[in-house]
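# Descriptive analysis of the structure
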Amino acid sequence: MPQDDERAALIALLRMGSGWAKIADSVVDFGSARSVLEDRLAHEETLFSPVSDRLSELIDESRHLLDDWSARGMDVLAFWEDGYPPQLREIHEMPPVVFTRGEHADDRRAIAVVGSRSASPRGQEIAGNIAERLVSEKVTVVSGLAVGIDAAAHTTALRAGGRTVAVVGTGIDRYYPKDNRTLQDEIADRGMLLSQFLPGSPPTRRTFPMRNAVMSGYAAATIVVEAGEHSGARIQARYALKHGRQVIFTKELLANEWAREFQSRPGVHVVASMDELMEVVREVFAVNESPLGPFAEWMEPEGPVW
């Protein structure tokens, strides 16, 4: 079946609703998004038209949407396609489709830098310093395009001539927050924007934790610079550990009770200097790039250090 038809059937399924993990699992089981859509329609009431007519109608609607999105400069990648970020296939929260603007690249050397929207000047300075150092080591800086820590990380990465990826919590065609409109366009021109949400989707309380899960999956590790008890960065740290990613806290973060609770968990590193932080980052990439991946240290002759 043509890939355009498969992608259109997947968009139709997403527009109809249902859990993303369930949709992805069903497509894998059936071997075809169109077959899943046809099966779903067969189990619903079709009082006004046969299943075949409704199937054709939904796929045609989705084709028109895909053509419109493409004309507006958006790339649409289904999870089975080659261009889909392979690291997202490793997580339970894998979005069945992602929407991007900008340049695709092999971002296996990517680190997320996240923190509070209401960051202090010192926190923003630290985030910028971290982003600049990551860029100097040819690391992609990933963040969520929010004001505060996120904006500082993105802006510094661009000024340093590096690559940055913004994972957003709205449709990729929306500007949110409005204060970062210019920054969002600059990232699309010089890096990449990525969203798991259908174009036009508004910001909601639900979409941002979902965005944090995908940002965690996209990056090899997450650095949390400054984040209060209710910050989305705290949510991302939890997802990162769930995904088997490393989490790095700046020492200042331990002023927060939640960070002190996290610091003893396997996979969490507290660093007091840039050199300590980069040592952890290099270790993350060394393990990920070994033939055995993240399980390499388990296979050392002397066994794990703990």
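Keep in mind the model is a prediction, meaning the values are calculated, not measured.

About the thresholds
Residues numbered from 1 in each chain as written. Predicted model: local features only at pLDDT ≥ 70, side-chain atom pairs only at ≥ 80, totals over all residues. Heavy atoms only, no water. Helix = DSSP H or I, 4+ residues; strand = E, 2+ residues; numbered from the N terminus. Rg over C-alpha atoms; globule rule 2.2 N^0.38 Å. Buried < 20%, exposed > 50% of the residue type's maximum accessible area, 1.4 Å probe, protein only. Contact = heavy atoms within 4.5 Å. Areas by Shrake-Rupley, 256 points an atom, 1.4 Å probe, with all protein chains shown as cover. Lys, Arg positive; Asp, Glu negative; His and termini not counted. Charge placed at Lys NZ, Arg CZ, Asp CG, Glu CD. Domains from an automatic or database assignment. Buried area = accessible area lost by both parts, 1.4 Å probe. Polar contact = N/O pair within 3.5 Å; in protein donor to acceptor, adjacent residues only side chain to side chain. Nonpolar A, V, L, I, M, F, W, Y, C, P; charged D, E, K, R; others polar.

### Side note on the overall build of the protein
Along the backbone of the protein there are 11 helices and nine strands. Since a compact globule built from 306 residues should have a radius of gyration of about 19 Å, the 21 Å found for the protein is in line with a globular shape. With respect to the three principal axes, the spread of C-alpha positions in the protein is 65 × 50 × 35 Å. Sorting the 306 residues of the protein into buried and exposed places 51% on the buried side. Partitioning the intrachain contacts of the protein with sequence separation of at least 6 by distance along the chain shows that 70% fall at a separation of at least 24. Element-wise, carbon and sulfur atoms account for 49% of the exposed surface of the protein, whose accessible area totals about 14900 Å². Positive and negative charge centroids in the protein, built from 33 and 45 side chains respectively, lie 5 Å apart.

### Details of the domain arrangement of the protein
Split into domains, the protein comes out as domain 1 (3-72) and domain 2 (102-289). If you average the C-alpha positions of domain 1 and of domain 2, the two centres end up 33 Å apart. In this assembly, five residues from domain 1 lie in contact with six residues from domain 2. Of the roughly 450 Å² buried at the junction of domain 1 and domain 2 (both faces included), carbon and sulfur atoms supply 81%. Sorting the residues of domain 1 by area buried against domain 2 places Trp20, Trp69 and Arg72 first, and these three jointly supply 79% of that buried surface. At the boundary of domain 1 with domain 2, the tally comes to one residue pair in polar contact (both at pLDDT 80 or more). Here the residues of the side of domain 1 that touches domain 2 sort into three nonpolar, no polar and two charged.

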